[in-house]
Amino acid sequence: MNSKIFAVAFIFFFVLISSANAHIAFVNPPFRGNNDDTMRDPPCGGSNEVNTTAITDFPVTDGQATVDIGHGDGVLLFNYAPDSNSTFQSVSDNVTVAVAEGTGPKPYTVPINVSKAGAKIGDQGVLQTIFIQGGVNFTYQCADIKVVDPNPKAANTASSFVGISEVALFIIGLTSFVMTNL
Ligand SMILES: *[C@@H]1O[C@H](CO)[C@@H](O)[C@H](O)[C@H]1NC(C)=O
Ligand SMILES: *[C@@H]1O[C@H](CO)[C@@H](O)[C@H](O)[C@H]1NC(C)=O
Ligand SMILES: *[C@@H]1O[C@H](CO)[C@@H](O)[C@H](O)[C@H]1NC(C)=O
Ligand SMILES: *[C@@H]1O[C@H](CO)[C@@H](O)[C@H](O)[C@H]1NC(C)=O
Ligand SMILES: *[C@@H]1O[C@H](CO)[C@@H](O)[C@H](O)[C@H]1NC(C)=O
């Protein structure tokens, strides 16, 4: 093998290994785009526009995000911004990631509080994850989210329950008033 072919083979091998290391994928909420060629480009791994078919409801507090890590050791960060041109702010603790070669992809599920970045119910915004390896922001990916009430069903059930019992008490009270006055 001459040295030129060896060099090309070596670079190809290195690129192959490092992209395998760096591969991450939002599982929940789903990614807006996942492109191996541009995954190192901030802020969204080359997918800088909203993906209107992938906007997912996400609770304003007590949210959870799941990201698959292909392979590698590092730190996973989560940030939020109203759009991909705005300043992203941290919405989780830093998560230490360790996925041995051949054992991935491994899912990491992380508690998220988008209200830490000022998100409010009804907002649409961008949840960003960054995989840091060796202190370098290695891989970026984003998901489009619609910020929602964390517990809408419980709130509705509680208020209609109160409503029904108030009406029931009123009818019972009215009935006994009418009966005692007959
Ligand atoms: C937008 O999201 C949908 C659903 O997740 C996905 O199938 C599609 O590939 C995404 N579009 C782009 C441009 O990545
Ligand atoms: C971000 O800014 C660029 C350049 O001004 C613009 O082309 C792009 O549409 C903007 N994207 C969003 C999501 O606002
Ligand atoms: C999380 O990691 C980022 C990037 O390395 C760093 O700037 C930040 O201080 C870390 N946060 C915590 C709480 O350790
Ligand atoms: C979420 O963040 C907000 C703003 O920092 C804070 O007031 C609230 O206690 C947090 N909620 C949870 C469940 O961590
Ligand atoms: C890496 O990501 C962190 C956290 O979002 C950010 O503060 C920092 O500016 C980024 N560094 C580079 C070189 O983009």
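The structure displayed is predicted, hence computed values, not measured ones.

### Some words on the overall build of the protein
Check the secondary structure of the protein and you find two helices and nine strands. Listed N to C, the secondary structure of the protein is α-β-β-β-β-β-β-β-β-β-α in terms of helices and strands. Here the protein holds 182 residues, and 27% of them are scored as buried. Considering only residue pairs separated by 6 or more positions, the protein has 72% of its internal contacts joining residues 24 or more positions apart.

### Quick notes on the site of ligand 4
The full set of residues close to ligand 4 is Thr61, Asp62, Asn113, Ser115 and Lys116. Residue classes in the shell around ligand 4 are distributed as no nonpolar, three polar and two charged.

### Observations regarding the environment of Pro82
In this fold, Pro82 is placed in the loop between strand 4 (72-81) and strand 5 (89-90). Separated by 42 residues in the primary sequence, Pro82 and Gln124 place their C-alpha atoms 6.5 Å from one another. Aside from chain neighbours lying at most four places away, what touches Pro82 is Asp123 and Gly125.

### Here we look at the nonpolar core
Val67, Phe78, Tyr80, Val91, Val114, Leu127 and Ala143 are the most contacted members of the largest nonpolar core, which totals 29 residues. For this core, the secondary-structure elements that each account for two or more residues are strand 1 (24-28), strand 3 (63-69), strand 4, strand 8 (124-133) and strand 9 (136-148). The contact partners of Phe78, leaving out residues within four places of it in the chain, are Ala65, Val91, Ser92, Val110, Ile112, Leu127, Gln128 and Thr129.

### Digging into the confidence of the model for the protein
In this model, the protein carries a mean pLDDT of 83, and residues with pLDDT of at least 70 account for 71%. Scored below 50 in pLDDT, residues 10-21 makes six contacts in the model with residues more than four places away or belonging to other chains. Below a pLDDT of 50 lies the segment residues 156-164, which in the model reaches zero contacts outside its immediate sequence neighbourhood of four places, other chains included.

### A short note on the sheet that holds strand 3
Read from one edge of the open sheet, three strands run 1-3-7, paired in antiparallel fashion. The open sheet has two edge strands with one neighbour each: strand 1 and strand 7 (106-112). For this sheet, the mean angle separating the axes of adjacent strands, direction not counted, is 30°.

### Comments concerning unusual backbone geometry
Looking along the chain, the bond that leaves Asn28 and enters Pro29 is cis, with omega of -5°. Checked against the element boundaries, Pro29 lands in the loop between strand 1 and strand 2 (56-59). Pro42 connects to Pro43 through a cis peptide bond whose omega is 0°. Of note in this structure, Asp62 is not a glycine but carries a positive phi near 55°. Tracing the chain through its elements places Asp62 in the loop between strand 2 and strand 3. Take Asp62: there are 11 C-beta atoms within 10 Å of it, and that puts it in the exposed class.

### Quick notes on the environment of Ile55
For Ile55, the location among the structural elements is in the loop between strand 1 and strand 2. The class for Ile55 is partly exposed, based on 17 C-beta atoms found within 10 Å. Put simply, Ile55 and Ile145 are 90 residues apart on the chain and 5.1 Å apart in space, counted from C-alpha to C-alpha. Other than its neighbours up to four places away in sequence, Ile55 contacts Gln124, Asp144, Ile145 and Lys146.

### A closer look at the site of ligand 2
Neighbouring residues of ligand 2: Asn48, Glu49, Asp83, Ser84 and Asn85. Looking at the shell around ligand 2, its residues break down into no nonpolar, three polar and two charged.

Thresholds, definitions, all that
Residues numbered from 1 in each chain as written. Chains lettered and ligands numbered in written order. Predicted model: local features only at pLDDT ≥ 70, side-chain atom pairs only at ≥ 80, totals over all residues. Helix = DSSP H or I, 4+ residues; strand = E, 2+ residues; numbered from the N terminus. Buried ≥ 20, exposed ≤ 12 C-beta atoms within 10 Å, placed from the backbone. Contact = placed C-beta atoms within 7 Å. Near = placed C-beta within 6 Å. Nonpolar A, V, L, I, M, F, W, Y, C, P; charged D, E, K, R; others polar. Core = buried A, V, L, I, M, F, W, Y, C linked by C-beta atoms within 7 Å. pLDDT = per-residue confidence, 0-100. Pairing = 2+ DSSP bridges. Axes fitted to C-alpha atoms, helices over the stretch in contact; angles between N-to-C directions.

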